[in-house]
Every structure is written in structure tokens, then in C-alpha cells.
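# Observations on the three-dimensional arrangement
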Amino acid sequence: MDTNGLAERFKRFANRECRGSSKLYERLSVHIADDEELLHIACHAGPGQPVPNLFLAAVHYLLLKGKEHVLQAYYPSIVDDPKDPETAFVWFKDFCLNYTNELIPLLQNKLVQTNEVRRCAYLYPSFCYIYEQTKKPLALIELGTSAGLQLLWDKYRYTYNSGEMYGNVYSELDIACEMRGEGLPFFLNQSPPVSSRIGLDLHVNNLNNPEDYLWLKSLIWPEHKERIVMFQKAARCLRGESVELIEGNGVRLMSEVASKIQEDHTVCIFHTHVANQLSKVDKTELLDRIQQLGRSRKVFHLYNNLWDEDLHLDCYVDGELDELVLAETDGHGRWFEWKL
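A few points on the structure. Just so you know, the residues in each chain are numbered from 1, in the order the chain's sequence is written. With pLDDT at 70 or above as the cut-off, local features in this predicted model cover only qualifying residues; side-chain atom pairs require 80 or more to be listed or tallied, and sums for whole chains, interfaces and linings still use all residues. Heavy atoms from the whole structure form the basis of all side-chain values; hydrogens and water molecules are not counted.

All right, on to the overall build of the protein chain then. The secondary structure listing takes helices from DSSP runs of H or I that are at least 4 residues long and strands from runs of E that are at least 2 residues long, numbered from the N terminus. Helix and strand content of the protein chain: 11 helices and 12 strands. Atoms counted for the radius of gyration: C-alpha only. Globule rule: 2.2 Å times residue count to the power 0.38. Its C-alpha atoms give the protein chain a radius of gyration of 20 Å, within 12% of the compact-globule value 20 Å for 340 residues. Seen through its C-alpha atoms, the protein chain measures out along the principal axes to roughly 60 × 45 × 40 Å. Residue exposure (1.4 Å probe, protein chains only): buried if accessible area is under 20% of the type maximum, exposed if over 50%, otherwise partly exposed. The 340 residues of the protein chain split such that 56% are buried. To be clear on the numbers: accessible area is Shrake-Rupley with a 1.4 Å probe, and residue cover counts the displayed protein chains and nothing else. By element, 46% of the accessible surface of the protein chain is carried by carbon and sulfur atoms, the whole surface being about 15,000 Å². Neither His nor the chain ends contribute to the count of charged residues, in which Lys and Arg are positive and Asp and Glu negative. To locate a charge, take atom NZ for lysine, CZ for arginine, CG for aspartate or CD for glutamate. Charge centroids of the protein chain, computed over 36 positive and 49 negative side chains, lie 2 Å from each other.

See below:
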């Protein structure tokens, strides 16, 4: 991997994603971009991975696992009164150089599989819309499912600008989200019926496995304590639910899985912030396979980050494709602006 190109990725990550959201990751990323030693370590990341997220998560993972170092004092996920991020980098570099032999295997073998359950806040009205079109139970197929927490979008409680509650009003997990703009989505007060939940991923995370649980927690940025709490609550909601998680290439497995869904159920293929990790060839294959499915039955494909960051819905009805842009969304699901 070219270090010059990698440096630009860290700069973009700092400016576009971290600014206003994580002062620690913003300052670290700016300095990493100018440090050849750290860029060479980061170069060990697997192909297709968002390297800044992966590199910072690997460090976070080792710290959460208990590695003793001054750097711990800068992480709000570890200490109650963290030090100023402006002075963190010297210790961050020292930590990376001391633990290079442990960082490299993590970079080579781990995947960025953030289970951002707050994104379900815009999935909920999207699936309400799909159900209104078909009036049939929804058969869910999630690509890049990780641990399957977004497959449970109907099991969570939602509050938006009005404060009115939607979804499962008795859920332990309440997801609050700001709706921007003048567009108002259609909401069912109670969740649409779901007939099956199938998640596909190159690596499936088992939240009963302490290592998998810790890695997914490490992917959450240190300042985002609310996200950590939501992850923990969603993990508890997963217990006892009927979710089928299948390990393998989701693009290739999808057609076989969808072919087994009964005709009186609605096929819903969805993924959030996953497609940016796909190659152009894989993206084309994904769309081709969904198109083939759409020739013989109704298929709904809900996604973002394939070509842009907007939330899209491709509807195949009677072999015809209707392409909709549903919303502009925040990467962590804090807000969305409905466009339909």
C-alpha cells in the first residue's frame, strides 16, 4: 500500500469524519498522516478495509484489553477524566512502536464491522414504506451483518422530533434520532411483521465470544459513550432471538439464500456503510445478482455507500426497476433528512 495515498486517507478521515465528533481521533489522524513509521504499520491492513478506522480500532482494542501505558489516560472509554487530545500523539506513537508485533496481526486479520444500531432509526421508516407497498411479512437478508444487531431493527423503540414512540415500545433500547428538513416519512406505530432474519458476512461475530464482543466495542470511538451503551443494550436484545448468521461472501451467497424465501414473503436485501468496502467488480456483481432475482419476484434493495452516502431503495416489481433516494443520512445515524 502506498504511504502517500494512505496519508491522504488519514487526512480525509480527520477532516470529514472525526471533526466535530472525536477530537482524539481527529488529532491522532492528522499526526499519523505525517508519520512514516506509523503509516508503514498501517500498511499491513487487509485489502478493501477503511484503514484509519481499522488502525485506530486495533490500538483501542489493545488498550481495552488491559495493555498498561500512559496512552490509556487519553481515552474516555477507559478513564473518567481524560487528558487533552492535543498532547496524545507522542504517547500514541510510543504505544504503537512498543506493541507493533501485536498490532500487525490485528490489522491483517480483523475487519471493520461496526454494529451502529442507531442507523436503525432510518431503517425503520424505510421498512415501513416497503411493507406498505407489499403488505407481506418481510424476509430480511443483511450483507455485512457482523453480529446481526441491525437485523433486529423491529425490536427497538424509536423516538424522533415529536417524541412519539414507534417500533417496540417495550424495548430496553430506545433510539433517538433527529429528523431534518421538511420531508416526513411514513411511520407505522408498531413494527412491520418480519418472517426471517438472515445475515451474511465474511466473518460473523459471536457476541457470546468475549474476543468478538471486545473487538466490536473497540470499533466504537472512545468519546462515544452513548454508542457503547446502545451497543451493549442491543447485544442483550439479541439473546433469544431467531437470527441466522452465515459466514462467507455475501454477494455470492445472497442469490441462494433469497431463492429459499417463500413467495408470500417480501425479499428485503439491505446493508448500511458496507458497500464502500466492495471493489467495483463486486459492486457490479451485487447489482447484477439482485437484478436477476428481480426478474422473477418482488425484491427490495435498501443501501447506502454504494455510489454515494444517500440512502437508496431499488424496487423490482414485475421485473421493472424503480430507483428511489429515500434520505440523506448521518454516518452514525444521529440524524437523517427524508427525501421521498
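A carboxyl oxygen of Asp or Glu within 4 Å of a side-chain nitrogen of Lys or Arg is what we treat as a salt bridge. Scanning all chains against the criterion turns up 22 salt bridges. In this structure, the salt-bridge partner of aspartate 174 is arginine 157, at a minimum N-O distance of 3.2 Å. Of this pair, aspartate 174 sits in strand 4 (residues 174-176) while arginine 157 sits in strand 2 (residues 157-159), placing them 17 residues apart in sequence. According to the relative accessible area criterion, aspartate 174 is partly exposed, its value standing at 29%.

Here the focus is a nonpolar patch on the surface. Patches here: salt-bridge-free residues with over 30% relative accessible area, like charges joined within 9 Å, nonpolar side chains (Val, Leu, Ile, Met, Phe, Trp, Tyr) joined within 5 Å. Nonpolar side chains collect at one region of the surface, where Val70, Val90 and Trp91 lie side by side and expose about 250 Å² of accessible area between them. Of note, valine 90 is situated in helix 5 (residues 89-98).

It is worth spelling out the sheet that holds strand 9 (residues 299-303) at this point. Read from one edge to the other, the open sheet built from nine strands follows the order 5-12-11-10-9-8-1-6-7, with strand pairing classed as mixed. Pairing within the sheet leaves two strands with one partner each, and these edge strands are strand 5 (178-180) and strand 7 (244-247). Shown here is a sheet whose adjacent strand axes are inclined to one another by a mean of 25°, direction ignored. Here seven bridges tie strand 10 (residues 311-317) to strand 11 (residues 320-329), and the two strands are oriented antiparallel to one another. Looking at strand 11, one finds that leucine 311 is bridged to alanine 327. Taken strand by strand, helix 11 (residues 280-294) contacts strand 1 (138-143), strand 8 (266-271), strand 9 and strand 10, and its axis lies near 155° from that of strand 9. Two strands make a pair as long as DSSP finds a minimum of two bridges between them. A fitted line through C-alpha atoms serves as each axis, taken over the contacting stretch for helices, and the angle formed by two N-to-C directions is quoted from 0 to 180°. Contacts are assigned to residue pairs that have any heavy atoms within 4.5 Å of one another.

Read from one edge of the open sheet, three strands run 3-2-4, paired in mixed fashion. Each of the sheet's edge strands pairs with one partner strand only, and the pair in question is strand 3 (165-167) and strand 4. In this sheet, neighbouring strand axes are inclined to one another by 30° on average, regardless of whether the strands run parallel or antiparallel. Relative to strand 4, strand 2 runs parallel, the two sharing three bridges. Opposite threonine 159, over in strand 4, you have alanine 176 as the bridge partner. On the sheet, helix 7 (residues 120-134) packs against strand 2, strand 3 and strand 4 and is oriented at approximately 95° with respect to strand 2.

Another aspect to go through is helix 9 (residues 225-238). For a helix, the expected span equals 1.5 Å multiplied by the residue count minus one. Here helix 9 is 14 residues long and its end C-alpha atoms lie 20 Å apart, about the 20 Å a rise of 1.5 Å per residue gives. Packed against the buried residues of helix 9 are strand 4 and helix 8 (210-218). Backbone geometry just downstream of helix 9 places glycine 240 in the positive-phi region, at approximately 85°.

The next point concerns the nonpolar core. The nonpolar core is taken to be a set of buried Ala, Val, Leu, Ile, Met, Phe, Trp, Tyr and Cys residues, with the residues joined through side-chain atoms within 4.5 Å. In terms of nonpolar packing, the biggest core is built from 94 residues, with Phe92 and Tyr156 touching the most fellow members. For tyrosine 156, the residues in contact, after removing those within four places along its chain, are Val117, Cys120, Leu149, Tyr166, Gly167, Asn168, Ser171, Leu173, Ile175, Ala234 and Cys237. In this structure, Ala139, Val251, Val267 and Ile269 belong to the second largest nonpolar core, which totals 17 residues.

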